[in-house]
Amino acid sequence: MQQTATRVVLVTGPSGAGRSTAIAALEDLGYETIDNLPLSLVPRLLDGPLARPLALGVDVRNRDFAVTSLIELIDGLTRVPELRLEVLYLDANPDVLVRRYSETRRRHPLAPEDAPLEGITLEVDLLAPIRVRADVLIDTSAMSPHDLRAELARWFDMGKIARLAVSVHSFSYKRGVPRGLDMMFDCRFLSNPHWVPALRPLTGLDPSVAAHVAADPRFVPFITKVRDLLLFLLPAHVEEGKSHLAVGFGCTGGQHRSVAVTENIARALAEAGWQVSKRHRELERRALAQPGVKEAGGA
């Protein structure tokens, strides 16, 4: 008899909301993944011990899909003590789904001969009873695939607690605060390289920009206090059982100050032995807008 229930994640939601990306992300997190398995075969698949956590993709394209059948499946699996079932529902605004269909030139499975909006409307209405049963509901409307993967890691990472992952983000307040931050610090009080013509086109990855920001007399005390605060808090989050912590640094444009601070803090945490990743949201957007152009100062 199993001592610990095996985690089973049922991934569903309207077509175009990111289910395929989620399945791939869960596979990267160590889950065995199966997409579009007929609902009638799921109980047979789960009839016996599982070697590792399982993620199942379910949508209207499943051969025997029916809302009543899916609800019965959810109810049945919830009663199995050896399983820990979680329903992950990925959602998005209809206008976003229409845009994604337009970009990919795909036909909607519920209305292959009509405009995508017709099928999207039908599907959203059809899945409404499943949406209210979701254990985890993620709106992907404003998310990139990178954002979705990061959010899924926060919910479903099966890594050991001792391997707490810290992600450090730079961003522009003008474009809004990134989703999923646990802590956020405002860097707009630091000297702004934007007002130096030679530095304006560069980024916080460039040594000259980093030096300009570091020359502000408030920089060292700020970095020191933030670093010490994080090094104090991270072990506490490990004890709490968190597997991921996201820390954000924002400035006006997300190009200079927040980038330089993010680089500094990420380096300090890595030197202290923590598993650290970093993301510069606005620099990524610039790179996507200019394919083949490398950011000044490196990637």
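Please read these numbers as outputs of a predicted model, since none were measured by experiment. (Residues numbered from 1 in each chain as written. Predicted model: local features only at pLDDT ≥ 70, side-chain atom pairs only at ≥ 80, totals over all residues. Heavy atoms only, no water.)

## What to know about the packing of aromatic side chains
Applying the stated criterion across every chain, the model contains 3 aromatic pairs. With 5.0 Å between their ring centres and 65° between their planes, Phe-171 and Tyr-173 make a pair best called edge-to-face. For Phe-171, a relative accessible area of 0% corresponds to the buried category. Taking relative accessible area as the criterion, Tyr-173 reaches 23% and is therefore assigned partly exposed. On the numbers, 5.4 Å between centres and 20° between planes, the contact of Phe-185 with Phe-249 is stacked. (Phe/Tyr/Trp six-rings, centres within 6.5 Å; stacked < 30°, edge-to-face > 60°. Buried < 20%, exposed > 50% of the residue type's maximum accessible area, 1.4 Å probe, protein only.)

## Some details on the UniProt feature "binding site: ATP" (unreviewed entry) in the protein chain
Sites flagged by UniProt as "binding site: ATP" (unreviewed entry) map to Gly-13, Pro-14, Ser-15, Gly-16, Ala-17, Gly-18, Arg-19 and Ser-20. For Ser-15, the position within the fold is in the loop between strand S1 (6-12) and helix H1 (19-28). The exposure class assigned to Ser-15 is buried, which follows from its relative accessible area of 5%. With respect to the helices and strands, the residue Gly-16 is situated in the loop between S1 and H1. Apart from residues lying up to four places away in sequence, Gly-16 is in contact with Leu-97 and Arg-100. (UniProt positions renumbered as here; feature names shortened; annotations may be inferred. Helix = DSSP H or I, 4+ residues; strand = E, 2+ residues; numbered from the N terminus. Contact = heavy atoms within 4.5 Å.)

## A look at the environment of Val-209
Considering the arrangement of structural elements, one finds Val-209 in helix H7 (residues 207-214). Note on Val-209: relative accessible area 0%, which makes it buried. Linking Val-209 and His-194, residues 15 residues apart in sequence, is a C-alpha distance of 9.5 Å. Here Val-209 is in contact with Pro-193, Leu-199, Leu-202, Thr-203, Gly-204 and His-256, once residues within four sequence places are set aside.

## Structural notes on the nonpolar core
Ranked by internal contacts, the top residues of the largest apolar core, which has 28 residues, are Phe-222, Phe-249, Val-261 and Ile-265. Taken together, the elements giving at least two residues each to this core come down to strand S6 (165-172), strand S7 (183-186), H7, helix H8 (219-240), strand S8 (244-251) and helix H9 (257-271). Per-element tally for this core: the top contributor is H8, with 7 residues. In this structure, Val-261 is in contact with Cys-187, Leu-190, Phe-219, Phe-222, Ile-223 and Phe-249, ignoring residues within four places of it in sequence. Judged by nonpolar contacts, the second largest core, of 23 residues, contains Leu-10, Leu-46, Val-60 and Leu-70. (Core = buried A, V, L, I, M, F, W, Y, C linked by side-chain atoms within 4.5 Å.)

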